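Coordinate inspection notes
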There are 2 protein chains.
Amino acid sequence: MEELKQRILRDGHVIHKDVLKVDGFLNHQLDIGLLDRIGEQFYARFHSAGVTKILTIESSGIAVATLTARHFMVPVVFARKAPSLTHLDDKFSAEVYSYTQRKQFTIFVSSEYISHSDKVLVIDDFLANGQALLGLAKIVHQSGAALAGAGIVIEKAFQDGGDLVRNAGIDVFSLAKVTKMSHGKIYFAD
Amino acid sequence: MEELKQRILRDGHVIHKDVLKVDGFLNHQLDIGLLDRIGEQFYARFHSAGVTKILTIESSGIAVATLTARHFMVPVVFARKAPSLTHLDDKFSAEVYSYTQRKQFTIFVSSEYISHSDKVLVIDDFLANGQALLGLAKIVHQSGAALAGAGIVIEKAFQDGGDLVRNAGIDVFSLAKVTKMSHGKIYFAD
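Now for a look at the structure at hand. (Residues numbered from 1 in each chain as written. Chains lettered and ligands numbered in written order. Predicted model: local features only at pLDDT ≥ 70, side-chain atom pairs only at ≥ 80, totals over all residues. Heavy atoms only, no water.)

The next subject is the sheet that holds strand β4 (residues 53-57) of chain A. Across the sheet, which stays open at both edges, the seven strands sit in the order β11(A)-β10(A)-β9(A)-β8(A)-β4(A)-β5(A)-β3(B) with mixed pairing between neighbours. Of all the strands in the sheet, the pair left with one neighbour each is β11 (185-188) of chain A together with β3 (29-30) of chain B. Of the pairings in the sheet, the one linking β4(A) to strand β8 (residues 119-127) of chain A comprises three bridges and is parallel in character. Across the sheet, A:Lys53 pairs through a bridge with A:Val120, a residue of β8(A). (Pairing = 2+ DSSP bridges. Helix = DSSP H or I, 4+ residues; strand = E, 2+ residues; numbered from the N terminus.)

Contact pair helix α4 (residues 61-72) of chain A / helix α4 (residues 61-72) of chain B: the axes reach a minimum separation of 9 Å and the direction vectors enclose 55°. As summarised for this structure, α4(A) and α4(B) are arranged oblique, according to the angle between their axes. Two packed elements cross with a definite hand, and for α4(A) against α4(B) that hand is right-handed. Here A:Ile62, A:Ala63, A:Thr66, A:Leu67 and A:Arg70 of α4(A) lie close against α4(B), whose contacting residues are B:Ile62, B:Ala63, B:Thr66, B:Leu67 and B:Arg70. Tallied by class, residues from the contact of α4(A) with α4(B) come to six nonpolar, two polar and two charged. (Axes fitted to C-alpha atoms, helices over the stretch in contact; angles between N-to-C directions. Parallel < 35°, antiparallel > 145°, perpendicular 65-115°, else oblique. Left-handed = near helix turned anticlockwise from the far one by under 90°. Contact = heavy atoms within 4.5 Å. Nonpolar A, V, L, I, M, F, W, Y, C, P; charged D, E, K, R; others polar.)

Chain A puts 37 residues into the contact, and the matching count from chain B is 38 residues. Here chain A is connected to chain B by zero salt bridges. Taken together, chain A and chain B are joined by 15 residue pairs in polar contact (both at pLDDT 80 or more). Elements with a minimum of two residues in the side of chain A that touches chain B: β2 (19-21), α2 (23-27), β3 (29-30), α4, β5 (76-79) and β7 (103-110) of chain A. Of all the elements, α4(A) adds the most residues to the side of chain A that touches chain B, at six residues. A breakdown of the residues in the side of chain A that touches chain B according to their chemical character gives 17 nonpolar, twelve polar and eight charged. As paired elements, β5(A) and β3(B) share two bridges and run antiparallel to each other. The residue of β3(B) that forms the bridge with A:Val76 is B:Leu30. (Salt bridge = Lys/Arg side-chain N within 4 Å of Asp/Glu carboxyl O. Polar contact = N/O pair within 3.5 Å; in protein donor to acceptor, adjacent residues only side chain to side chain.)

A few words now on the side chain of A:Asp36. Residues and elements named next belong to chain A. Summarising the element assignment, Asp-36 is placed in helix α3 (residues 32-46). What makes Asp-36 buried here is its relative accessible area of 15%. Polar contacts involving the side chain of Asp-36 include one to the side chain of Arg-70, which spans 3.3 Å. (Buried < 20%, exposed > 50% of the residue type's maximum accessible area, 1.4 Å probe, protein only.)

The next subject is the environment of B:Tyr113. The topology assignment puts B:Tyr113 in the loop between β7 (103-110) and β8 (119-127). Exposure remark for B:Tyr113: the relative accessible area of 8% places this residue in the buried category. Beyond its immediate stretch of four places on either side in the chain, B:Tyr113 contacts A:Asp23, A:Gly24, A:His28, A:Gln29, B:Lys53, B:Val77 and B:Asp118.

Our focus in this paragraph is the pairing of strand β5 (residues 76-79) of chain B. All names here are of chain B. Residue alternation in β5 divides its side chains into two sets, Val-76 and Phe-78 and Val-77 and Ala-79, and both sets are buried. As paired strands, strand β4 (residues 53-57) and β5 are joined by four bridges and run parallel to one another. Considered in β5, the bridge of Leu-55 is made with Val-77. Traced from β4 through α4 to β5, the parallel crossover comes out right-handed. (Right-handed = clockwise from strand over helix to strand, strands pointing away.)

Attention now moves to the packing of aromatic side chains. Overall, the coordinates contain six aromatic pairs over all chains when judged by the stated rule. A ring pair is formed by B:Phe42 and B:Phe173, whose centres lie 6.2 Å apart and whose planes are at 80°; its orientation type is edge-to-face. Here B:Phe42, found in helix α3 (residues 32-46), pairs with B:Phe173, found in strand β10 (residues 172-182); they are 131 residues apart in sequence, far enough to count as distant. Overall, the relative accessible area of 21% leaves B:Phe173 in the partly exposed class. The positively charged end of A:Lys180 is found above the aromatic ring belonging to A:Tyr187, 5.0 Å away from the centroid. (Phe/Tyr/Trp six-rings, centres within 6.5 Å; stacked < 30°, edge-to-face > 60°. Lys NZ or Arg CZ within 6 Å of the ring centre and 35° of its normal.)

Encoded structure:
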């Protein structure tokens, strides 16, 4: 997606050697117009897949998932990272290791909100090591629902997540594939 | 907002004596159509206030803020709850105590994303004890921006947050005011 790549080049910052900070439009401040056009791209790619539900993970996936769901006219379910007082039993869950936060956490979805009759599209902001996406796919599997695929805003193609999830049979569609970050510069595939 | 009240009556669950669980459409699964109409109501109330930015707090505020911002055509900034590897210095911050999670946490916004020339509308899912809203107002104050007001989806009017924030001079607009929860039943103002 050309607009997205240009925006990454303009506003993205390479932090350390493999962290791409896009807080200006995706992870802290949200450019709603851009995110809506991103949602449109995911719709164009997956509209014939019979999607009944969009699944993402808090927090950074929520806005993109919301503006994608607007095109599909289906509900969003966001996986939560830790149980809170308002949550009860009957959950689908997976253990996920976050390299960014350097810790293991449990993600979960209440079993009320995904069922075997659903066809689930996973939406997330980043694909890097693939742990979050594999965790979400595991949750979909537990529910008995079908996985339509995954729409990713930015794939860090120099990390191993892309291969990992594609080898697991997941249909992954990334709008910007970063192949290399070096000396503050960002390079894309094709 | 009548549609919202009916939805709370249909899908809301009273947990313990003062926790209202609305995971079916607002806090875990998101009804995108309803949230978009909620955003429309906030726009109707605040459209003449010169809003340049919408501020919320992760995670449950993000979807409502996103679908509100679509009507205003302004960016969303969501306050984060804990620093991560991709965040640097220069933040506006506030300490907030969460009664639901029974812990104190720091919320922060990078100083890049709110400035003295902004007029900020705060959007949040719940107003209960008012701590989150006061924290967000403090962040707006630190930035030098003006606070246009606050749009709240559900106000638990039997807790003291509403009085607290209105006495602090904040223009609060709540779409559903719950006055009482008793024996699993939910009562609204007017």
